[in-house]
Structures are given as structure tokens and as C-alpha cells.
Amino acid sequence: MNRLISYGKQSISDKDIEAVANVLKSDFITQGPVVPQFEKTIADYCGANYAVAVCNATSALHLACRALNIGPGDRVWTSPNTFVASANCVLYCGASIDFVDIDPKSYNISVEQLRQKLEIADKNNQLPKAIIAVHFSGQSCDMKAIKSLSEQYHFFIIEDAAHAIGARYLTDKVGSCVYSDITVFSFHPVKIITTGEGGMLLTNKVELFEKIKCLRNHGITREQNEMTQSSHGEWYYEQNELGYNYRMTDMQAALGLSQFERLDEFVKKRRELAQVYQQTLKELPICLPWQSERSQSSWHLYVICLELDRLKSSKKTIFSQLRQQGIGVNLHYIPVHTQPYYQKLGFKWGDYPNSEAYYERAITIPLFPEMTIQDIDYIKKILTQAIQ
Ligand SMILES: *Cc1c(COP(=O)(O)O)cnc(C)c1O
């Protein structure tokens, strides 16, 4: 076998290609009618009032922080078990970042540790202005518990749902913003649906929606009622905020709209493959993903944890053996606080022991809709050999 089974992979149909080609043949390849269509489709699907499409989820997280007026002197907390973008967005705004360790079962932010940290912060007058809850691997954080803490301690909630479009929490879709101010999705090709590069913010609050739309486009407005000076003429626009060009193109939105038609199918396929994994791998000395009864994951990632004390080989050896045999294993995530840049900010190894213990044992094995049962059998065979 010389094909590499990558850990995640997009699925592009002829219809997807046609949708993009149609935009290329139309009058607008950016700032045309397709971006608003894509936004409305995703907002309706999630049950949120508003959606704003942007060029990637990193810029979506940045805009989420800006829209909530996070700036110098403010604190924001997130989980160390995430991609660096979930923390970087806070630093872009000149605010300070801190972390709350993960729950060893779900690998999401630990609500218990959050509660304890909030109690201490409250006493020291150092409460966070916002929490960024990352739905790791597509399984929602315990949003009801986080929301109730936010009511007690008055912080905003941003959901980093880069992994979690198509997932559910209790009776709602992730993205409904029932338990948060803003939810962010990513449409990077390894995620659930793709636009190449792309992201989206969802919210139920009109003032956040207006602010995000304005910041996406340089902080410029063309609406008379949002201007501070009277119009000079029909060409007139006004900048009242320092914004960015974080727009999505119509070509990307067309791909996203076309991909959206298969969103539920993709998630169903991922869930079925994950169930096959649970059955196939249950006898091996590894820990399989735990699923909360409160949520239905979108299964962006399938992460196994090695029971290292029962194994002869090290994780490093097992990992490279899998790669050598064509299995594109990966690692999600190196705890953000251990990155050299974050160590320069004062964080150090040992700060978040659950995230670090998880990091020592975790391996992401392939999971994507076009993967086959034969692939899973092959992965089991190689994994069994590697962990002897
Ligand atoms: C992928 C990802 C991002 C960033 O998404 P981009 O669209 O690549 O900018 C942010 N947070 C998490 C948890 C991610 O997995």
C-alpha cells in the first residue's frame, strides 16, 4: 500500500466544481449575491439570527473579540488543547490570554476548573471579559454550565466551533448561539465542509452583527444612518472604526453553499465510521473517544490515547511506524501554553497537567467521509503491529 490515508480530507463533487465555475462566469467573483446566500443558509440551518462569512476562522475569532470590545487591560480565557488561533485572536486585540485546563474525558475545557479559577479571579478582581469555548473534535463543551457561570461572573462567551458545524448540543445545533454571544466556524479543507479558506461568525445580537459586518470591510459604512458626517454625494463612504479586509469571495461562498447540501451526509458518514472504529479498536490497549450524552459530535477528529504503561514502544516510535505504513496520523494539539511564543509570555510546562498528559498520549487517526471500511481494517492491522 503506497497511498497515504491522510487524517482528514475534503470531498469535492462535480456539482461543487460547477458551482464555482458558474460564479467565475458571472458578473461578480467577490462581493456579489452568493456570500449573503451562504450566510443565510448557514444561519437558518443553525437556528441563529445572523451570520457573517469571512476569509478564515482565524479572522472570525479576531472579529469576535473586536466586536466584544476586547482590548488592552482585558483578560480572555480558553483551553490549551486547541489550535493556536483560539488564543492568538486575543493577543491581536492587545488583551491578555490565560488558559483553563481540560477535562480528561472530553478533552474540552473543564467546567469544574473554570468554576474554581473564576472564584479566585473574582476575589482578586481579575475576572475574564470573555471565555473562548473550543468544541474539541466536534463535541460541544458543556455550554449550559458555562452559560450559567457567565451569568454569575458576567463574561462573554465565544464558541470556537471550527470543528463542530453539523454537531448538536442538547436540543440545538452548534451555531444556534443559545448559550453564547458569538459562534465561529472554519471551512478549511480538513474541517467538515470547505470553501478552501473560509470562516463564519454567527450571533443572535443585531449590534454584534452590524459591528462584525463593518469590521470585515475596513470599518467602512455606506449607510447614512451609521455616518457621523453628512454625505458628500453618492460616492461617499465613511470609516469610523479600524477594520480589516476579511471578506469571503463569491467563489468560496458558492463552494460552501454546494458543500452545505452534503453537510448532514458528511456528518452521518463520519459518525458511522467513528462507530466502526469504536467496535474495531475496542480490544487494543488504547483509550477511545468518550462521548457525552448531552451532545452529538460532528466527528471532525478521531483521537486515540495510548495507554503508555501497557506498551513497550514509545508514542514517538508508534507514530512514525504508522506514518511509514501510509497512515497519515497527526496530533491535535500541542498545548498552546507550551509554544515558545507563549512561554515568552510567562506560561510554562506543568501549568496545565491534564492537557500535557493528554498530549503525551494522543494520536489523531484518519477520519473523513470518503474513507472506507478497508481503510479502517488496514489501520487496525498496522496499529496492532505498532503497539506490540
Ligand atoms: C482550524 C481551526 C481554527 C482556524 O481556522 P482557519 O479557518 O484555518 O483560520 C481555529 N480554531 C480551531 C479549533 C481550529 O481547528
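Our subject is the structure that appears above.
Below or above, wherever it landed, is the structure these notes cover. (Residues numbered from 1 in each chain as written. Predicted model: local features only at pLDDT ≥ 70, side-chain atom pairs only at ≥ 80, totals over all residues. Heavy atoms only, no water.)

1. Considering the environment of Val134
- As for its placement among the helices and strands, Val134 is situated in strand E5 (residues 130-134).
- C-alpha of Val134 to C-alpha of Ser320: the two residues are 186 residues apart in sequence and 28 Å apart in space.
- Setting aside its immediate chain neighbours within four residues, Val134 contacts Thr78, Thr82, Ser86, Asn108, Cys141 and Asp160. (Helix = DSSP H or I, 4+ residues; strand = E, 2+ residues; numbered from the N terminus. Contact = heavy atoms within 4.5 Å.)

2. Describing the pairing of strand E3 (residues 75-78)
- Both E3 and strand E4 (residues 96-99) contribute to a ladder of 4 bridges, which runs parallel. Counted as the bridge partner of Thr78 is Phe99 from E4.
- Read as a crossover between parallel neighbours, the route from E3 over helix H4 (residues 85-92) to E4 is right-handed.
- Of the strand pairs in this sheet, E3 and E5 are connected by 3 bridges, and their pairing is parallel. Bridging from a neighbouring strand, Val76 pairs with Ala130 of E5. (Pairing = 2+ DSSP bridges. Right-handed = clockwise from strand over helix to strand, strands pointing away.)

3. What about the site of the ligand?
- Surrounding the ligand, one finds 15 residues, the nearest of these being Thr58, Asp160, His163, Ser186 and Lys191.
- At 2.8 Å, a backbone N or O of Ala57 approaches an oxygen atom of the ligand.
- Here an oxygen atom of the ligand sits 3.1 Å away from a polar atom, N or O, in the side chain of Tyr333.
- Out of a free accessible area of 380 Å², the ligand has 93% covered by protein chains.
- Among the elements of the structure, helix H3 (57-67) and H4 are those that each provide at least two residues to the shell around the ligand. (Near = heavy atom within 4 Å. Polar contact = N/O pair within 3.5 Å; in protein donor to acceptor, adjacent residues only side chain to side chain. Areas by Shrake-Rupley, 256 points an atom, 1.4 Å probe, with all protein chains shown as cover.)

4. A few points about the packing of helix H2 (residues 34-46) against helix H8 (residues 250-260)
- The interhelical angle for the contact between H2 and H8, taken along N-to-C directions, is 35°, at an axis separation of 8 Å. Crossing of H2 against H8: the hand is left-handed. Contacts between H2 and H8 pair Val34, Val35, Gln37, Phe38, Thr41, Ile42 and Tyr45 from the former with Asp250, Ala253, Ala254, Gly256, Leu257 and Phe260 from the latter.
- Residues of the contact of H2 with H8, tallied by class, amount to 9 nonpolar, 3 polar and 1 charged. (Axes fitted to C-alpha atoms, helices over the stretch in contact; angles between N-to-C directions. Left-handed = near helix turned anticlockwise from the far one by under 90°. Nonpolar A, V, L, I, M, F, W, Y, C, P; charged D, E, K, R; others polar.)

5. Focus on the side chain of Asp250
- Within the element layout of this structure, Asp250 appears in helix H8.
- It is Arg216 that comes nearest to the buried, bridge-free Asp250 among opposite-charge side chains, at 8.8 Å.
- Once residues within four sequence positions are removed from consideration, Asp250 is found in contact with Val23, Phe28, Ile29, Thr30, Gln31, Gly32, Pro33, Val34 and Val35. (Buried < 20%, exposed > 50% of the residue type's maximum accessible area, 1.4 Å probe, protein only. Lys, Arg positive; Asp, Glu negative; His and termini not counted. Salt bridge = Lys/Arg side-chain N within 4 Å of Asp/Glu carboxyl O.)

From the geometry alone we can't say anything about function, so treat these as descriptive.
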